[in-house]
Amino acid sequence: GKEEGVPSVYIHHISNHHYIIIMEALEAAVLSRKGGGDEDKTRKLWREPLKQIADLENREKRDALATSLVPLAKFFFSLSEENNATTTATTTTTTAAATTTIQTTTTFDEPPKANEYDFVTRDVSLSTPRGKFDVYKMRNSSSILLYSCNPKKKESLLLRKENMATFAVLPTEDSNGTQYLVVSLKEEVTLPSVKNGIKAIVWQSRAQLSAAEKKLKVTVGEGGEGAMSEKEVKDAFTVGEHDLSEEDTLKNSVGLMRCYVKSCGVKEYTKGFVKVKCVLKFNDGYLFLLRKRLIFLERPAIVTLVEDLDELRIMRAEAGGSSNFDLACKLDGVEYEFLNISKEYLLPVREWLSMVCEEAPAEGDDGDDEEDGGMKKRSSKKEDTTQDILQDVNSDSDDDD
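If you're wondering where the values come from, they're calculated on a predicted model, not measured in any experiment.

Our focus in this paragraph is the environment of Ser322. Mapped onto the fold, Ser322 is located in the loop between β17 (309–315) and β18 (324–331). Judged by relative accessible area, which is 22%, Ser322 ranks as partly exposed. Along the backbone, Ser322 and Lys343 are 21 residues apart, and their C-alpha atoms lie at a distance of 8.6 Å. Among residues more than four places away in sequence, those in contact with Ser322 are Arg316 and Lys343. Within polar-contact distance, the side chain of Ser322 engages the side chain of Arg316 at 3.2 Å.

Here it is as structure tokens:
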């Protein structure tokens, strides 16, 4: 049944293609409290048991323990009118599948105080969700808060480690030196001003830094019990030769935000990928084919697990007189066609398809391997290049991406 007023950020979602996500039942209540020293003690008290529950592999045991914490959260951490954060919770139970679903949105009506975050960078431009946000690394938690710079919206989005599956820096190698930072989410999140659910957070930078990027800096929080030490903060912002102090900035917003996400303990995708330029719905963009994900940037941004696709196929591969082919996929019943991909990348895309699918379907494929065989014979150099691109992608790893 529905538990009214449960201050929970516990989301449990089960489907054939989605990873089971459990976000700690008490953490939202702890983060939303304003109580000085008692707040820090409460965080420390619950942090380890919550982590142990979230890490349990036994689904039934994890269900039972996490669900049992909801009444405790309600009893100990009921939200008052003075609290800065507002929380909405919905609880659904189906006894047949022994499934519990609790969905919660945590927002901040006012920016966090200096004793509530480890560091912050203000006026950071995001591609998804689009707009400028102040980005906070929250204290005593592996979470990032995006707080809208638009005073009319007063929107915020709390990104927790448990819902950040992986992140990747994806360079396009175009003439502008464009690169993206993509944080893939296990479960979509919402903002009032965004019509559809958000499945990934995306930042973009170019080689020629914008005026806003040149002004980016990191401001450290107030410190005190539970805060990161000066060394920990400095270590969090070390990227190659770039060492960030309070007065310095990293190379660009992608490099800077990478440090924020990494400081939460989110795993970085560093394996190979296939990158092709294409057109989607009359918009030019780049399609990135990762080990388990398909990503199109930038409009409309598509970030999905390959296993969530209903269909995936190559089209126009055999069309004579054309130097391009298309890749089509169906996601949640909607078909997307990535058009005008140069046939220079046909072999890498086929190799990627054969890796992620039991069978790599192609339009007009009647079992005749003549064209494929001929292409491989004629393109030994391309085949070697393909293997170089995909050697990391094919490698066995404990990486759950």
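Glancing now at the pattern of salt bridges. A complete count under the given rule lists 12 salt bridges for this structure. Salt bridges sharing partners connect three or more residues here, namely Glu311, Arg313 and Glu335.

Attention now moves to helix α7 (residues 346–356). By the criterion of burial, α7 is predominantly enclosed, with eight of the 11 residues buried. Taken residue by residue, α7 has Leu346, Leu347, Pro348, Val349, Arg350, Glu351, Trp352 and Leu353 as its buried positions.

This paragraph deals with the sheet that holds strand β10 (residues 219–220). On the basis of which strands lie adjacent, the open sheet formed by five strands has the order β6-β5-β4-β3-β10 and antiparallel pairing. Since the sheet does not close on itself, it has two edges, and those belong to β6 (156–160) and β10, each with one partner. Here two bridges tie strand β3 (residues 117–126) to β10, and the two strands are oriented antiparallel to one another. Across the sheet, the residue bridging to Val120 is Thr219, located in β10. Along the sheet, helix α6 (residues 253–263) makes contact with β3, β4 (131–138) and β5 (143–148), crossing β3 at roughly 140 degrees.

Moving on, we get to the sheet that holds strand β8 (residues 179–189). Read across the sheet, three strands follow the order β7-β8-β9 without closing on themselves; strand pairing throughout is antiparallel. On the outer flanks of this sheet lie β7 (164–171) and β9 (198–205), each paired with one strand and no other. Averaged over all pairs of adjacent strands, the angle between strand axes in this sheet comes to 15 degrees, irrespective of strand direction. Where β7 and β8 come together, seven bridges link them in antiparallel fashion. Residue pairing in the sheet places Val169 in a bridge with Leu181 of β8.

Burial of β3 is extensive: seven of the 10 residues sit out of reach of the surface. With seven bridges joining them, β3 and β4 adopt antiparallel strand pairing. Bridge assignment links Phe119 to a residue of β4, and that residue is Lys137. Once β3 ends, the chain turns through four residues before running back antiparallel as β4.

Reading the values: rules and limits
Residues numbered from 1 in each chain as written. Predicted model: local features only at pLDDT ≥ 70, side-chain atom pairs only at ≥ 80, totals over all residues. Heavy atoms only, no water. Helix = DSSP H or I, 4+ residues; strand = E, 2+ residues; numbered from the N terminus. Buried < 20%, exposed > 50% of the residue type's maximum accessible area, 1.4 Å probe, protein only. Contact = heavy atoms within 4.5 Å. Polar contact = N/O pair within 3.5 Å; in protein donor to acceptor, adjacent residues only side chain to side chain. Salt bridge = Lys/Arg side-chain N within 4 Å of Asp/Glu carboxyl O. Pairing = 2+ DSSP bridges. Axes fitted to C-alpha atoms, helices over the stretch in contact; angles between N-to-C directions.

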